[in-house]
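A closer look at the structure
Each chain, letter by letter, is given below.
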Amino acid sequence: MADYIQLTPDLNDVADFLDPPGGRDESLPHVSDLVHACLDAAAGRKPVLKRTVTPNGIMALGRMWESVVRGYMAQQAAEEGLVALDSVTMERDGVIGNLDQIFYRSSYRVLGETKMRFSRHTHPLDHKRWMYQVKAYLKMLKTQHAWMPVLAVTSQPPDADFRIFRLEFEQDEIDANWEMLMNMKEHLEEES
């Protein structure tokens, strides 16, 4: 029998290699914190501002996918005369957003928000968490346009299906989403 050594690298280290992390500003709430709190409240759970997330490798795989597809999306944008900016951090009304990509030409801007899921494709509009997040980023970016490259991976049957969804929202739904997040922020600040 052959001798062997088994190594167990941390997938977060691989994701960091592909996409070195910038520092995450923890002085203000993040869009994702407020989205989680709104979803908790909607489910009848007590909303909290900061969640403890135990990394299980899934988020690292998502970061790897984001790193892999970033150049492809930049190429798609360039074919339409847009310039790509990667990993943009923005702040608005005391909330921080970490945008995957921005595509722009003059004053025209498009949000790029990458997703990966381990199930068959469903339309992004059917994912409340995604839509709360995307509409918040659109408010920050002052645009109504989003491109969402989504990879759906299934095991039964084995498949990897890549789609790009181009979405355009009405300004009133972007504003209503932001108001919901700001109300939750105010509520959580009062609670603390």
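Going along each chain's sequence as written, the residues are numbered from 1 onward. Local features in this predicted model are restricted to residues of pLDDT 70 or higher, and side-chain atom pairs are both shown and tallied only at a pLDDT of 80 or more, whereas totals for entire chains, interfaces and linings draw on every residue. Neither water nor hydrogens contribute to the side-chain values; these are computed over all heavy atoms in the structure.

1. Brief notes about helix 5 (residues 171-191)
The helix count covers DSSP runs of H or I at least four residues long, the strand count covers runs of E at least two residues long, and both are numbered beginning at the N terminus. Take the residue count of a helix, subtract one, and multiply by 1.5 Å to get its expected span. The terminal C-alpha atoms of helix 5, which comprises 21 residues, lie 30 Å apart, in line with the 30 Å expected from a rise of 1.5 Å per residue. Two residues qualify as a contact provided that any one of their heavy atoms is within 4.5 Å of a heavy atom in the partner residue. The secondary structure elements touched by the buried residues of helix 5 are helix 2 (31-42), strand 1 (83-92), strand 2 (95-105) and helix 4 (128-141).

2. Some points on helix 4
Helix length check: helix 4, at 14 residues, gives a terminal C-alpha distance of 20 Å against a target of 20 Å (1.5 Å per residue), a fit within 8%. Relative accessibility decides the category of a residue: with a 1.4 Å probe and only protein chains considered, values under 20% of the type maximum give buried, values over 50% give exposed, and everything between is partly exposed. Helix 4 sits mainly inside the fold: twelve of its 14 residues count as buried. Here helix 4 has its buried residues at Trp130, Met131, Tyr132, Gln133, Val134, Lys135, Ala136, Tyr137, Leu138, Lys139, Met140 and Leu141.

3. A word on the side chain of Ser67
Inspection of the secondary structure assignment puts Ser67 in helix 3 (residues 58-79). In this structure Ser67 comes out as buried when scored by relative accessible area, which is 18%. Within the structure, Ser67 has its side chain in polar contact with the backbone oxygen of Leu18 (distance 3.3 Å). Each residue touching Ser67, except ones within four places of it in the same chain, is listed here: Leu18 and Asp19. By the criterion applied in these results, polar contacts are pairs of N or O atoms within 3.5 Å in which, for protein atoms, one can donate a hydrogen and the other can accept it, and in which residues neighboring in sequence qualify only through two side-chain atoms.

4. Thoughts on a nonpolar patch on the surface
Only residues whose relative accessible area exceeds 30% and that form no salt bridge enter a patch; like-charged residues are grouped when within 9 Å of one another, and nonpolar side chains (Val, Leu, Ile, Met, Phe, Trp, Tyr) when within 5 Å. The Shrake-Rupley method, run with a 1.4 Å probe sphere, supplies the accessible areas, and residue values consider only the shown protein chains as cover. Any Lys or Arg side-chain nitrogen located within 4 Å of an Asp or Glu carboxyl oxygen qualifies as a salt bridge. A contiguous nonpolar surface patch, about 370 Å² in accessible area, is contributed by Leu11, Val14, Phe17 and Leu18. Relative to the helices and strands, Phe17 resides in helix 1 (residues 11-18). Under the relative-accessibility criterion, Phe17 is labelled exposed at 70%.

5. Topic: unusual backbone geometry
The step from Gln156 to Pro157 runs through a cis peptide bond, and the omega angle for that step is -5°. Note that Pro157 resides in the loop between strand 5 (145-155) and strand 6 (158-168). The phi dihedral of Ser87 falls on the positive side, at around 50°, and the residue is not glycine. Along the chain, Ser87 turns up in strand 1. Classification of Ser87 as partly exposed rests on a relative accessible area of 43%. Non-glycine residue Lys142 carries a positive phi angle of around 60°.

6. Brief notes about the nonpolar core
Residues belong to a common nonpolar core when they are buried Ala, Val, Leu, Ile, Met, Phe, Trp, Tyr or Cys residues joined through side-chain atoms within 4.5 Å. Counting 32 residues, the largest nonpolar core has Leu111, Val134, Met148 and Leu181 as the members making the most contacts within it. If you list the elements that add at least two residues to this core, you get helix 2, strand 2, helix 4, strand 5, strand 6 and helix 5. Apart from the residues within four sequence positions on either side, Val134 is in contact with Leu111, Glu113, Ala146, Met148 and Phe169. In terms of nonpolar packing, the next biggest core, distinct from the first, is built from nine residues, Trp65, Phe103, Val110 and Trp147 among them.

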